[in-house]
Amino acid sequence: MSPVADRALVWGISLYLHLARNRFLSLLAYRANFWTGVVIYLVYFGSYYYLWKAVFEAGGESLGKLTFPQMAAYLGAGWMGRAFWFNNLDREIAREVREGSLALQLIRPYNYLGARVVEALGEGFFRFVFYALPGLFLAALLASFPLPASPWQWGAFLAALLIGFLVNSLLNCLFGLLSFFFLRNEGFLWAKRVAVDVLSGVFLPLDLYPGFLRPLLASLPFSLISYFPNRAFAGLLSPSEFLRETVLGLSWMAILTLGLALLWDRARRRLVVQGG
Amino acid sequence: MSGTGGESFAASPKGGIHRRHLLYYPSLALHYLAMEVKCRLAYRADFWAGLISDLFHHASTLVVLLVLFSHIPHIKGWNREEMLFIYGYFLLPFSLFLTTSANYWEFSDRYVVKGELDRLLIRPLPVLFQLMLEEIELEAFFGFPVGVALMAYSASRLGLAWGALDFLALGILVLAGTLLYHGVFLLLASLAFWAEGKTGLMPLVWNLNAYGRYPIEIYRGGLRFLLTWVLPLAFVGFIPAASFLRPRDWAPLAALTLPVSLAFFGLGLLGWRAGLRRYRGTGS
């Protein structure tokens, strides 16, 4: 690589790192909300924790292949992980398309979608560090479920969480860009949000669905968002299963990126800047 | 229509209804509704997508319940049909509340900080009435027929016999539950008069609403006490629903639904009026 290209690459990477860092720093202003933030996540977690507790009491020691402590760990990871991967990229992109401010974004020297995803990463990182991790430790204490025992298990959880974040963000970009074609597409965004909540396994591990649905649901990209990191956290994945899920995740990321590139190309040509 | 005096007719030029007429507010509410329908139908595909996704959302909760009950016979003694009945009941006050509460979420930003409240204050209508109806959430209302269908299905499976009195009680309890929600969130929205900017309390309480739709027995002592007496969300869903299923156990408690709801709505109104008196508009 020539020194010039080399410097361009370094410049490019540091640009995106700066975008992520800026979003993170701007959110630090909200750290006074720390306790309400943590409590909100605990309340979320609690509503499902008690339901599942009653379910396991009725179902005996285990349900499917899960024991109750494993289920509690799964739920904890699910709700706290959601703090990291959940973002409003779809809405933000849709708004910028609708309001026409996207035109200004397009002349900036970065990849618009890349910049949005990196900013969302900074935001997710903020929520994860300030709300989710403390929430996770508190939940583990209150609900007495085991935290990952080994550094490898923590690493697997974090790696899976990152894949989940990227898959979810790519999906969000895809659905946000649909507003190029529909102008007002909140309905589609709602449908997508519901699909993510149900099919990603936040509420319900996919193992508990009827047998014929399981393989289908497990191969959809949604399963990577929550089902994958939650199982990694609860220690339900063998190394080979972890590897298989990672490959699935990378494949879906490639497919979604390709789809996004095609859609972006067509969308740019359709751009209508309203108002004047 | 009384037709005396021309000065206090509703805005509609043809055949307005007098302010003191019983139907004055309902007819205005219908106007607000018609306005919202027209706005939403301008983007038809989006409206239908929103509606379908809302139905899908209810379906998803049902999927969770049905999948759970494919593994276990009952939760704390409540079987599948009873749980569906409770959830169906919960949807009635919940959807009525959601339909008329969209502006509580925007209240701090849109009405207090940006000063849109000024616009409502200069109109000859109760401010709260305008606030509730300015942004009607049409899709949310479809939870109502879904809830009715769920209740009808499980009531027939359970062989519940309903008389006219039960329907009357149902109507009163559902309206009371809606008022209770309105009281709680009106109070929280009114906090914006004192603390501008987000307090984070509203999403916190919002997340608690999931606790009202499951049997209260699944919660431990402290939490159960909180949900029954401090922030009585159990009165919106579980307690009144259970009184139809097992009247002997739950009817005495369910009888408190109306007084508790009125008390909370009154509290919300007090906070709201105190806040309105404090409001001084925005600087710009």
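Report follows, based on the coordinates. Not measured: the values here are computed from a predicted model.

Topic: the overall build of chain A
Line of reasoning, step 1. Scanning chain A for helices and strands turns up 13 helices and 2 strands.
Line of reasoning, step 2. Here chain A has a C-alpha radius of gyration of 20 Å; the compact-globule value for 276 residues is 19 Å, and the two agree.
Line of reasoning, step 3. For the C-alpha atoms alone, the extent of chain A along its principal axes is close to 65 × 40 × 40 Å.
Line of reasoning, step 4. Counting the 276 residues in chain A, one finds 51% classified as buried.
Line of reasoning, step 5. Sequence-distant contacts in chain A: of pairs separated by 6 or more residues, those separated by 24 or more amount to 79%.
Line of reasoning, step 6. Of the roughly 12,700 Å² of accessible surface on chain A, 67% is carried by carbon and sulfur atoms.
Line of reasoning, step 7. Here chain A contributes 23 positive and 15 negative side-chain charges, whose respective centroids are spaced 5 Å apart.

Overview of the overall build of chain B
Line of reasoning, step 1. Tallying secondary structure elements over chain B gives 13 helices and 2 strands in all.
Line of reasoning, step 2. What you see for chain B is a C-alpha radius of gyration of 21 Å, in line with the 19 Å of a compact globule of 284 residues.
Line of reasoning, step 3. Principal-axis analysis of the C-alpha atoms places the extent of chain B at approximately 60 × 40 × 40 Å.
Line of reasoning, step 4. Counting over 284 residues, chain B shows a buried share of 51%.
Line of reasoning, step 5. Long-range contacts, defined here as pairs at least 24 residues apart, represent 71% of the contacts in chain B between residues at least 6 apart.
Line of reasoning, step 6. Within chain B, the 18 negative side-chain charges are centred at a point lying 4 Å from the centre of the 23 positive side-chain charges.

Structural notes on the packing of helix α7 (residues 151-177) of chain A against helix α9 (residues 186-199) of chain A
Residues and elements named next belong to chain A.
Line of reasoning, step 1. It is the contact of α7 with α9, at a shortest axis distance of 10 Å, that shows an interaxial angle of 160°. The angle between α7 and α9 falls in the class roughly antiparallel. Classified by chirality, the crossing of α9 by α7 is right-handed. Counted together, N168, L171, N172, F175 and G176 of α7 and F188, L189, K192 and V196 of α9 form the full contact between these two elements.

Considering the nonpolar core
Line of reasoning, step 1. In terms of nonpolar packing, the biggest core is built from 162 residues, with W52(A), F145(A), Y104(B) and F107(B) touching the most fellow members.
Line of reasoning, step 2. Examining the composition of this core, we find that 14 residues originate from one element, helix α2 (residues 34-59) of chain A, more than from any other.
Line of reasoning, step 3. When near neighbours in sequence (up to four residues on either side) are disregarded, F107(B) contacts V112(B), L117(B), L131(B), A189(B), A192(B), F193(B) and W272(B).
Line of reasoning, step 4. Judged by nonpolar contacts, the second largest core, of 10 residues, contains L28(B), Y32(B), L125(B) and F129(B).

What about the interface of chain A and chain B?
Line of reasoning, step 1. Contact residues are listed per partner, giving 31 residues for chain A and 31 residues for chain B.
Line of reasoning, step 2. Counting the surface lost from both chain A and chain B, the interface buries some 2,900 Å², and carbon and sulfur atoms represent 75% of this.
Line of reasoning, step 3. The interface formed by chain A and chain B includes 1 salt bridge.
Line of reasoning, step 4. Its salt-bridge partner being K76(B), residue E57(A) comes within 3.0 Å of it at the nearest N-O pair.
Line of reasoning, step 5. On the surface where chain A and chain B come into contact, there are 4 residue pairs in polar contact (both at pLDDT 80 or more).
Line of reasoning, step 6. Elements represented by at least two residues in the side of chain A that touches chain B include exactly α2 and α9 of chain A.
Line of reasoning, step 7. Split into classes, the residues belonging to the side of chain A that touches chain B amount to 21 nonpolar, 6 polar and 4 charged.

Looking at the environment of N207(B)
Line of reasoning, step 1. Structurally, N207(B) can be placed in helix α9 (residues 201-208).
Line of reasoning, step 2. Looking at N207(B), the relative accessible area reads 10%, which means it is buried.
Line of reasoning, step 3. N207(B) has contacts with I40(A), V43(A) and Y44(A), leaving out every residue within four places of it along the chain.

Rules used in this analysis
- Residues numbered from 1 in each chain as written.
- Chains lettered and ligands numbered in written order.
- Predicted model: local features only at pLDDT ≥ 70, side-chain atom pairs only at ≥ 80, totals over all residues.
- Heavy atoms only, no water.
- Helix = DSSP H or I, 4+ residues; strand = E, 2+ residues; numbered from the N terminus.
- Rg over C-alpha atoms; globule rule 2.2 N^0.38 Å.
- Buried < 20%, exposed > 50% of the residue type's maximum accessible area, 1.4 Å probe, protein only.
- Contact = heavy atoms within 4.5 Å.
- Areas by Shrake-Rupley, 256 points an atom, 1.4 Å probe, with all protein chains shown as cover.
- Lys, Arg positive; Asp, Glu negative; His and termini not counted.
- Charge placed at Lys NZ, Arg CZ, Asp CG, Glu CD.
- Axes fitted to C-alpha atoms, helices over the stretch in contact; angles between N-to-C directions.
- Parallel < 35°, antiparallel > 145°, perpendicular 65-115°, else oblique.
- Left-handed = near helix turned anticlockwise from the far one by under 90°.
- Core = buried A, V, L, I, M, F, W, Y, C linked by side-chain atoms within 4.5 Å.
- Buried area = accessible area lost by both parts, 1.4 Å probe.
- Salt bridge = Lys/Arg side-chain N within 4 Å of Asp/Glu carboxyl O.
- Polar contact = N/O pair within 3.5 Å; in protein donor to acceptor, adjacent residues only side chain to side chain.
- Nonpolar A, V, L, I, M, F, W, Y, C, P; charged D, E, K, R; others polar.

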